[in-house]
Amino acid sequence: MRRPVLCLLLLAPLLGGCRYTFLPLVPPPAQITLPTRIVTATLRREGDDLIVTAALSGQFRAGYLSVVWYRDDTEQGRDSVYLDVAQRSAEFRLAAPQKGSYRALLSHDGVLLRQVELLENGDL
């Protein structure tokens, strides 16, 4: 009678080898923070004005969304709008009566986020 009990005690550690030996069995949920990004940005013409609209997404600190306007390679102007959690979108206007090749660079907190372009023919 002692032998079967002794055998079971010696084999008990081997029987535990079929189970998971690490804890926790379910890992904790991953904490992901997405960087600030522009989800929509458009550059369009309305009469003699160029209009850029942009909306931010993700977590960001309240601060200024800035735009730098270019016609070809010449800077045409700069502007900025203060954004916070309550206001995540902005609209910028530039008086540009001449048609041409325009670009607008959008940045937030010193980081360039997006470039939008509008290419026009002179006879549009």
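Residues numbered from 1 in each chain as written. Predicted model: local features only at pLDDT ≥ 70, side-chain atom pairs only at ≥ 80, totals over all residues. Heavy atoms only, no water.

Would you mind going over the sheet that holds strand E1 (residues 37-46) with me for this structure?
The pairing of strands in a sheet happens through backbone hydrogen bonds and is either parallel or antiparallel. Sheet architecture is open: 3 strands sit in the order E1-E2-E5, paired in antiparallel fashion. At either margin of the open sheet sits one strand with a lone partner, and together these are E1 and strand E5 (89-95). The average angle at which neighbouring strand axes cross in this sheet is 15°, direction not considered. Across 7 bridges, strand E2 (residues 49-57) lies against E5 in antiparallel orientation. Considered in E5, the bridge of Ala 54 is made with Ala 90. (Pairing = 2+ DSSP bridges. Helix = DSSP H or I, 4+ residues; strand = E, 2+ residues; numbered from the N terminus. Axes fitted to C-alpha atoms, helices over the stretch in contact; angles between N-to-C directions.)

I would appreciate a short explanation of the pattern of salt bridges in the present structure.
Opposite charge on two side chains allows them to pair when their charged atoms are near. In total, this model carries 7 salt bridges according to the counting rule given. The residue Arg 93 makes a salt bridge to Glu 46 at a minimum N-O spacing of 3.6 Å. With a gap of 47 residues between them, Arg 93 in strand E5 and Glu 46 in strand E1 connect regions that are remote in the sequence. Since its relative accessible area comes to 44%, Arg 93 is described here as partly exposed. Several salt bridges share partner residues, and in doing so they unite Arg 44, Glu 46, Asp 49, Glu 91 and Arg 93 into one network. (Salt bridge = Lys/Arg side-chain N within 4 Å of Asp/Glu carboxyl O. Buried < 20%, exposed > 50% of the residue type's maximum accessible area, 1.4 Å probe, protein only.)

Hey, could you run me through the sheet that holds strand E7 (residues 111-119) in this one?
The strand order E4-E3-E6-E7 describes an open sheet built from 4 strands, whose pairing is antiparallel. With partners counted over all chains shown, the strands left at the sheet margins are strand E4 (74-83) and E7, one partner each. The average angle at which neighbouring strand axes cross in this sheet is 20°, direction not considered. Bridge count for strand E6 (residues 101-108) against E7 is 8 bridges, and the pairing is antiparallel. Across the sheet, Ser 101 pairs through a bridge with Leu 119, a residue of E7.

How should the environment of Gly 63 be read in this particular structure?
Residue placement: Gly 63 occurs in strand E3 (residues 63-71). C-alpha separation for the pair Gly 63 and His 108, spaced 45 residues apart in sequence, amounts to 7.2 Å. Discounting chain neighbours no more than four positions away, the residues touching Gly 63 are Val 81, Tyr 82, Leu 83 and His 108. (Contact = heavy atoms within 4.5 Å.)

Just checking my understanding: could you explain the packing of aromatic side chains for this structure?
For any pair of aromatic rings, geometry is given as the distance between the ring centres together with the angle between the planes. Per the stated rule, a full pass over the model turns up 1 aromatic pair. Ring geometry for Tyr 64 and Tyr 82: centres 5.3 Å apart, planes at 70°, overall edge-to-face. You can see Tyr 64 sitting in strand E3 and its partner Tyr 82 sitting in strand E4, a full 18 residues away along the chain. Taking relative accessible area as the criterion, Tyr 82 reaches 42% and is therefore assigned partly exposed. In this structure, Arg 103 is placed above the aromatic ring of Tyr 70, and the distance from its NZ or CZ to the ring centre is 4.7 Å. (Phe/Tyr/Trp six-rings, centres within 6.5 Å; stacked < 30°, edge-to-face > 60°. Lys NZ or Arg CZ within 6 Å of the ring centre and 35° of its normal.)

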